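The primary structure of each chain is shown beneath.
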Amino acid sequence: MSRFWSRLTHELRPYVPGEQPRMADLVKLNTNESPFGPSPRALQAIRFEAADTLRLYPDPQATALRTALAAYHRVRPEQVFVGNGSDEVLAHAFAALLKHEAPLLFPDITYSFYPVYCRLFGISYETVPLDKAMQIRVADYRRRAGAIILANPNAPTGIALSRSEIVALLEDHPDVPVVVDEAYVDFGAETAIPLVASHRNLLVVQTMSKSRALAGLRVGFAIGDSDLIEALTRVKDSFNSYPLGRPAQAGAIAALEDEAYFQQSRVRVIEGRERLTRGLKQAGFEVLPSQANFVFARHPAHDGAALAAALRQQAVIVRHFGAARISDHLRITVGTDEQTDRLLSALSRILG
Ligand code: PMP
């Protein structure tokens, strides 16, 4: 607290990211990073950009990257926006599209950055409870709304809506912006991108941090009608003209070009998730059906915070949220088979 702070700063409640400890030999399953490295072609493209040209600003429109994303997702470059991680893309979407007189709606249990952006931008919002099975029910959104944002698959539950449920949501709300945050979509859910052609109010946000293993490069993007993209661009150009540096633009293009590597690592994560789920169930956990690169699990006889602390003692870090309804759960990222085995053996020591 300081008298030098603006009133806005006093009132912020910043998002707390999962920690990035510098401990050796740690099993780090707390921030949904990929256990497999980025495409070697992406790494090569990034290294190639470590050159004299770094004295020059990058392309502020990231035209080559937007063109590559447009070709990959079968849309036009004017329908693509890129930013410094999907967090920045989301922030611009909140400012550009989600602030209206009627409240913004999102689930009570979802990505905890959403209420943080609402405070930053002064957006009024209402949360819509997940059902008993921790699922989003689109029918529950049939109420007054200025805009809607959902994560699909949802975080931290990992549960996905089908494309037909997204269609139903869009049909219920043809006149308000609907943002679908697909950070984890590549691990088994259906993307809503094909719906952009028929729904001018739909913005789909994705990231290269998870399925493309480039969390450290910070590349996120949005696909939607050119009218929505123009709104994001107006906000971006009122904030930072150059959100993506040369290495990020080149690395992201090369990652997109390496389809074989992408498919291979995505399938390995999905197989790893099924293995992790089986192991947790054998240890007595209830595990929600995940379509993401993490699982959300609770042990009926053990407190979530205590389990997370005990795992930490054994150099295994998972994510625990203190919020009501989910404080008995752990969110565990899918690691390599070796990391999963270390988690499961730590759990069996803890549970006895
Ligand atoms: N959306 C969701 C649901 C997430 O869990 C995350 C990762 N914390 C993000 C967006 C942001 O990811 P990034 O900024 O790395 O693209």
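Residues numbered from 1 in each chain as written. Predicted model: local features only at pLDDT ≥ 70, side-chain atom pairs only at ≥ 80, totals over all residues. Heavy atoms only, no water.

Some thoughts on the site of the ligand
Neighbouring residues of the ligand: 13 residues in total, closest S86, Y184, T207, S209 and R218. A distance of 2.6 Å separates an oxygen atom of the ligand from a polar side-chain atom of S209. Take R218: an N or O atom from its side chain is 2.7 Å from an oxygen atom of the ligand. Burial of the ligand by the surrounding chains reaches 91%, relative to a free accessible area of 410 Å². Tallied by class, residues from the shell around the ligand come to 5 nonpolar, 4 polar and 4 charged. (Near = heavy atom within 4 Å. Polar contact = N/O pair within 3.5 Å; in protein donor to acceptor, adjacent residues only side chain to side chain. Areas by Shrake-Rupley, 256 points an atom, 1.4 Å probe, with all protein chains shown as cover. Nonpolar A, V, L, I, M, F, W, Y, C, P; charged D, E, K, R; others polar.)

Regarding a nonpolar patch on the surface
Among the surface-exposed residues, M1, F4 and W5 lie close enough to one another that they form a single nonpolar patch of about 460 Å² accessible area. With respect to the secondary-structure elements, F4 resides in the segment before α1 (7-11). Classification of F4 as exposed rests on a relative accessible area of 67%. (Patch = residues over 30% accessible without salt bridge, like charges linked within 9 Å, V, L, I, M, F, W, Y side chains within 5 Å. Salt bridge = Lys/Arg side-chain N within 4 Å of Asp/Glu carboxyl O. Helix = DSSP H or I, 4+ residues; strand = E, 2+ residues; numbered from the N terminus. Buried < 20%, exposed > 50% of the residue type's maximum accessible area, 1.4 Å probe, protein only.)

As for the UniProt feature "modified residue: N6-(pyridoxal phosphate)lysine" (unreviewed entry) in the chain
As annotated by UniProt and renumbered to match this structure, "modified residue: N6-(pyridoxal phosphate)lysine" (unreviewed entry) occupies K210. Tracing the backbone shows K210 in the loop between β7 (202-207) and β8 (220-224). On the accessibility criterion, K210 (14% relative accessible area) is buried. Contacts of K210, omitting those with residues within four sequence positions, involve T31, N32, S34, A183, Y184, F187 and N293. A polar contact is formed between the side chain of K210 and the side chain of Y184, at a distance of 3.4 Å. (UniProt positions renumbered as here; feature names shortened; annotations may be inferred. Contact = heavy atoms within 4.5 Å.)

Considerations on the domain arrangement of the chain
Splitting the chain by domain gives domain 1 (7-37 + 260-351) and domain 2 (40-258). The centre of domain 1, based on its C-alpha atoms, is set 24 Å off from the matching centre of domain 2. Opposite the 33 residues of domain 1 that make contact, domain 2 presents 35 residues. Both sides of the domain 1 and domain 2 interface together cover about 2,700 Å² of buried area, and 63% of this is carbon and sulfur. Our count for the contact surface shared by domain 1 and domain 2 stands at 1 salt bridge. (Domains from an automatic or database assignment. Buried area = accessible area lost by both parts, 1.4 Å probe.)

Looking at the pattern of salt bridges
All chains considered together, the criterion is met by 16 salt bridges. In this structure, the salt-bridge partner of R342 is D25, at a minimum N-O distance of 3.2 Å. Taken together, the residues span a long stretch of sequence, with R342 in helix α11 (residues 337-351) and D25 in the loop between α1 and β1 (27-29) at a distance of 317 residues. By relative accessible area, R342 is classed as partly exposed at 26%. Where R55 meets D52, a salt bridge forms, and the shortest distance between an N and an O atom there is 3.1 Å. For the pair R55 and D52, a shared accessibility class is recorded, and that class is exposed. Shared partners join several salt bridges into a network, and the residues in it are R275, D337 and D341.

Observations concerning the sheet that holds strand β3 (residues 104-107)
Reading across the sheet, the 7 strands line up as β2-β8-β7-β6-β5-β3-β4 and stay open at both edges, with mixed pairing between neighbours. Edge positions in the sheet fall to β2 (80-83) and β4 (125-128), since each has one partner strand and no second. Direction aside, the axes of adjacent strands within the sheet are offset by 20° on average. Taken strand by strand, helix α3 (residues 63-73) contacts β2, β7 and β8, and its axis lies near 125° from that of β2. Its contacts with the sheet put helix α4 (residues 85-97) on β2, β3, β5 (147-151), β6 (178-181), β7 and β8, and the angle it makes with β7 is roughly 160°. (Pairing = 2+ DSSP bridges. Axes fitted to C-alpha atoms, helices over the stretch in contact; angles between N-to-C directions.)

Observations regarding the nonpolar core
The biggest cluster of nonpolar side chains holds 51 residues, and the ones touching the most others in it are L65, L69, V82, Y141, I148, L202 and V219. If one sorts the elements of this core by residue count, helix α8 (residues 246-257) sits on top with 7 residues. Here this core gathers at least three residues from each of two domains, domain 1 (7-37 + 260-351) and domain 2 (40-258). In this structure, A93, L97, F113 and L203 belong to the second largest nonpolar core, which totals 28 residues. (Core = buried A, V, L, I, M, F, W, Y, C linked by side-chain atoms within 4.5 Å.)

Considerations on the packing of helix α9 (residues 259-282) against α11
Running from amino to carboxyl end, α9 crosses α11 at an angle of 10°, the nearest separation of the two axes being 10 Å. Judged on the interaxial angle alone, α11 and α9 are roughly parallel. Along its contact with α9, which presents G272, R275, L276, G279 and L280, the element α11 presents D337, T340, D341, L343, L344 and L347. (Parallel < 35°, antiparallel > 145°, perpendicular 65-115°, else oblique.)

Side note on the sheet that holds strand β10 (residues 294-298)
As summarised here, the arrangement of the 3 strands in space is β9-β10-β12, forming an open sheet in which the pairing is antiparallel. Pairing within the sheet leaves two strands with one partner each, and these edge strands are β9 (286-287) and β12 (329-333). Across 2 bridges, the pairing between β9 and β10 is antiparallel. Bridge assignment links V287 to a residue of β10, and that residue is A297.

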